[in-house]
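A structural walkthrough
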Amino acid sequence: MRYRTFAEPDYDALAALDLAARRHADPRFDALPDREREGRLSTSLPALKFYERSEHSFVAQDDAGGLAGAIFAQHVWQGDRPIVLVRTVLLSPDAPPETAAGLLHAAVKSAYDTAVYEVHFPVTPALERAAGEEEAHVTGRYAVRHLGTRAQTAPGERLGVGKSAAAGAEGGA
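A brief structural summary. (Residues numbered from 1 in each chain as written. Predicted model: local features only at pLDDT ≥ 70, side-chain atom pairs only at ≥ 80, totals over all residues. Heavy atoms only, no water.)

Focus on the overall build of the protein
Assigned secondary structure in the protein consists of six helices and five strands. Ordered by position from N to C terminus, the α and β elements of the protein give β-α-α-α-β-β-β-α-β-α-α. In terms of overall size, the protein behaves like a compact globule, its C-alpha atoms giving a radius of gyration of 17 Å where 173 residues would be expected to give roughly 16 Å. The principal-axis extent of the C-alpha atoms belonging to the protein is close to 55 × 40 × 30 Å. In the protein, buried positions account for 34% of the 173 residues. Within the protein, counting contacts between residues at least 6 apart in sequence, those at least 24 apart form 60% of the total. Entry remark: accessible area of the protein is about 10,900 Å², with carbon and sulfur atoms responsible for 53%. Averaging the locations of the 19 positively and 24 negatively charged side chains of the protein gives two centres separated by 7 Å. (Helix = DSSP H or I, 4+ residues; strand = E, 2+ residues; numbered from the N terminus. Rg over C-alpha atoms; globule rule 2.2 N^0.38 Å. Buried < 20%, exposed > 50% of the residue type's maximum accessible area, 1.4 Å probe, protein only. Contact = heavy atoms within 4.5 Å. Areas by Shrake-Rupley, 256 points an atom, 1.4 Å probe, with all protein chains shown as cover. Lys, Arg positive; Asp, Glu negative; His and termini not counted. Charge placed at Lys NZ, Arg CZ, Asp CG, Glu CD.)

Structure representation (structure tokens):
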């Protein structure tokens, strides 16, 4: 497996990889509302152009030249120091088991090479083993609060209905 940055000639393959990964993760993906399908995909043209320039995003290319995976990450200034934040890890349904670890390691190495000493990422099932190989520290769980209609169909384990949902329905804070 070869890990490398990507460019415009990879965009169509990245979009196909994203769609295949989403369909594999959720066999009901094609039946979701249009807005939810669009919200789960990470390969819009603006996103690909942004992550291509991020210096921390990579693809995993197999020996035949196909894409087995991708990691989209960016540097983020936290006010007192920079971090690299991983947004997405995409894996082909038939990607070798070491693909996620190789992608995460590529992002970690790129962070170190640019004097950024923290890489933040959600510990998804695909990244759990990779997190161990990188000797990562788990400091909590990564959660996303979707606003608007996507809150009804967004992926992941939904935590309890709390005040914010009720306040939003009543127009309060």
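Comments concerning the sheet that holds strand β1 (residues 2-4)
If you trace the five strands from one edge of the open sheet to the other, you get β1-β2-β3-β4-β5, paired in mixed fashion. A single partner strand is all that each edge strand has here, and the edge strands are β1 and β5 (119-120). Taken together, the nine bridges between strand β3 (residues 67-77) and strand β4 (residues 82-91) define a ladder with antiparallel strand orientation. Paired with A73 across the strands is V86, a residue of β4. Docked against the sheet, helix α3 (residues 45-52) engages β3 and β4, running at close to 70° with respect to β3. (Pairing = 2+ DSSP bridges. Axes fitted to C-alpha atoms, helices over the stretch in contact; angles between N-to-C directions.)

Quick notes on the nonpolar core
If you look at the biggest cluster of nonpolar residues, it comprises 18 residues, and the most contacted ones within it are I71, L104, F121 and L127. Among the elements of the structure, β2 (58-61), β3, β4, α4 (99-113) and α5 (125-133) are those that each provide at least two residues to this core. The leading source of residues in this core is α4, at seven residues. Contacts of L104, omitting those with residues within four sequence positions, involve I71, F121, L127, A130, A131 and E134. Of all hydrophobic cores here, the second largest spans 13 residues; its members include L14, L17, A47 and L48. (Core = buried A, V, L, I, M, F, W, Y, C linked by side-chain atoms within 4.5 Å.)

Some remarks on α4
Taking 1.5 Å of rise per residue, 15 residues should cover 21 Å, and α4 covers 21 Å from first to last C-alpha, within 8% of that figure. Restricting attention to buried positions, one finds in α4 the residues T99, A100, A101, G102, L103, L104, A106, A107, S110 and A111. Residues of α4 that are buried make contact with β1, β2, β3, β4, β5 and α5. (Expected span 1.5 Å × (residues − 1).)

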